[in-house]
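# Architecture at a glance
Here's the letter readout for the chains.
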Amino acid sequence: IEFPGLQQGGVIGVPTDTIYGIACLAQNSQSISNIYNVKGRNGTKPLAICVGNVEDIYRYCQVNVPDQLLRDLLPGPVTLVMERSGRLNKELNPFTSLVGVRIPDHAFIRQLAEVCSEPLALTSANISSQESTLTVEEFRDLWPKLSLVVDGGPIGEVSSPECRLGSTVVDLSVPGKFIVIRDGCSLIPTVDILTNTYGLLPNS
């Protein structure tokens, strides 16, 4: 199925379960270059990937946690960082062997990832270092650079600073341990599952 702009290397604005994002095809190197240009982002800051289902994670990541742990956290406002597999585009984050993977708890973007049959590269819809966005109007200055903007309405409580924190980012690349890379909006429940349900240890 063709999706406007994406197959041509374009970048689109999309709602997620946390904040608005911009997305492109992760396996398309021109798209990766384009998404960095849209954000004005430093080329050494990694992009996360977004997939539609837990099963897809195994194609692009080397998983060393129980499958049920993935299912207890995802879909949800969490980015899990793992060792990447050889199937992922080598020009996506070429400076690291790790990749963050998301399955937002938002039907549209999950279905989009499934329709594309490959991961989406996903980052927040804002100029790099500026505040994250909860409505499409808030990233109006990016619209001219995007192939498409999908308006999912306001996300969360627009007046709440907590809603702008984005996903909680956790590194699970070391067996039996975890590192919180970004507190995000789901820190306490995420750490509770990792420590109390699965016995993982904080890796300081």
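Notes on the structure in this doc start here. Every chain is numbered on its own, with residues counted from 1 as its sequence reads. Only residues with pLDDT of 70 or above have their local features reported here, since the model is predicted, and side-chain atom pairs are shown and tallied only from 80 upward, although totals for entire chains, interfaces and linings are computed over all residues. The side-chain quantities take in all heavy atoms of the structure and omit both hydrogens and water.

Now for helix H4 (residues 107-116). The buried label goes to any residue with under 20% of its type's maximum accessible area, the exposed label to any with over 50%, and the partly exposed label to all in between, with areas taken from a 1.4 Å probe on protein chains only. Only DSSP runs of H or I with at least four residues qualify as helices, and only runs of E with at least two residues qualify as strands; both kinds are numbered from the N terminus onward. Of all the positions in H4, only Ile109, Leu112, Ala113 and Cys116 are classed as buried. Across the axial projection of H4, the buried residues extend over an arc of 95 degrees, all falling on one side. The contact criterion used is simple: two residues touch if any of their non-hydrogen atoms lie within 4.5 Å. Along its buried surface, H4 packs onto strand E1 (12-15), strand E2 (20-25), strand E3 (48-50) and strand E7 (120-124). One or two positions beyond H4, positive phi appears at Ser117, with a value near 60 degrees. What the arc covers is the set of directions going from the helix axis to the C-beta atoms.

Let us look at the environment of Leu88. Within the fold, Leu88 resides in the loop between strand E5 (78-84) and strand E6 (98-102). Taking the C-alpha atoms as reference points, Leu88 and Val99, separated by eleven residues in sequence, lie 9.3 Å from one another. Setting aside residues no more than four positions away along its own chain, Leu88 makes contact with Gln27, Ile49, Tyr60, Val99 and Pro119.

As a further point, take the environment of Pro77. Mapped onto the fold, Pro77 is located in the loop between helix H3 (67-73) and E5. A sequence separation of 38 residues divides Pro77 from Lys39, and the C-alpha atoms of the two residues are 22 Å apart.

Cis geometry is found at the peptide bond from Leu74 to Pro75, where omega equals -5 degrees. With respect to the element layout, Pro75 can be found in the loop between H3 and E5. In this structure, Ser117 takes a positive phi of about 60 degrees despite not being glycine. Tracing the backbone through its elements, the reader meets Ser117 in the loop between H4 and E7.

For Phe, Tyr and Trp, rings pair up if their centres lie within 6.5 Å, where Trp contributes its six-membered ring, and each pair is then called stacked (planes under 30 degrees apart), edge-to-face (over 60) or tilted (otherwise). Considering all chains together, one arrives at one aromatic pair under this definition. Summarising the aromatic geometry, the rings of Tyr20 and Phe139 are spaced 5.6 Å apart at their centres and angled 45 degrees between planes, so their arrangement reads as tilted. In this pair, Tyr20 is assigned in strand E2 and Phe139 in the loop between E7 and strand E8 (148-149), connecting sequence segments 119 residues apart. Exposure class is identical for Tyr20 and Phe139. Each is buried.

Next up on the list: helix H5 (residues 187-197). Among all positions in H5, only Thr190, Ile193 and Leu194 are buried. Seen along its axis, H5 keeps its buried residues to an arc of 90 degrees; they face one direction. In this structure, H5 carries Ile188 and Asn196 as exposed residues pointing more than 90 degrees from its buried face. Looking at the buried positions of H5, the neighbouring elements they touch are H3, E5, strand E9 (168-171) and strand E10 (177-182).

Relative to the helices and strands, Leu6 is located in the segment before E1. When its relative accessible area of 0% is taken as the criterion, Leu6 is described as buried. For the pair Leu6 and Leu47, spaced 41 residues apart in sequence, the C-alpha separation works out to 17 Å. In contact with Leu6, not counting residues within four places along its chain, are Ile12, Ala23, Cys24, Leu25, Ser31, Leu112, Cys116 and Leu120.

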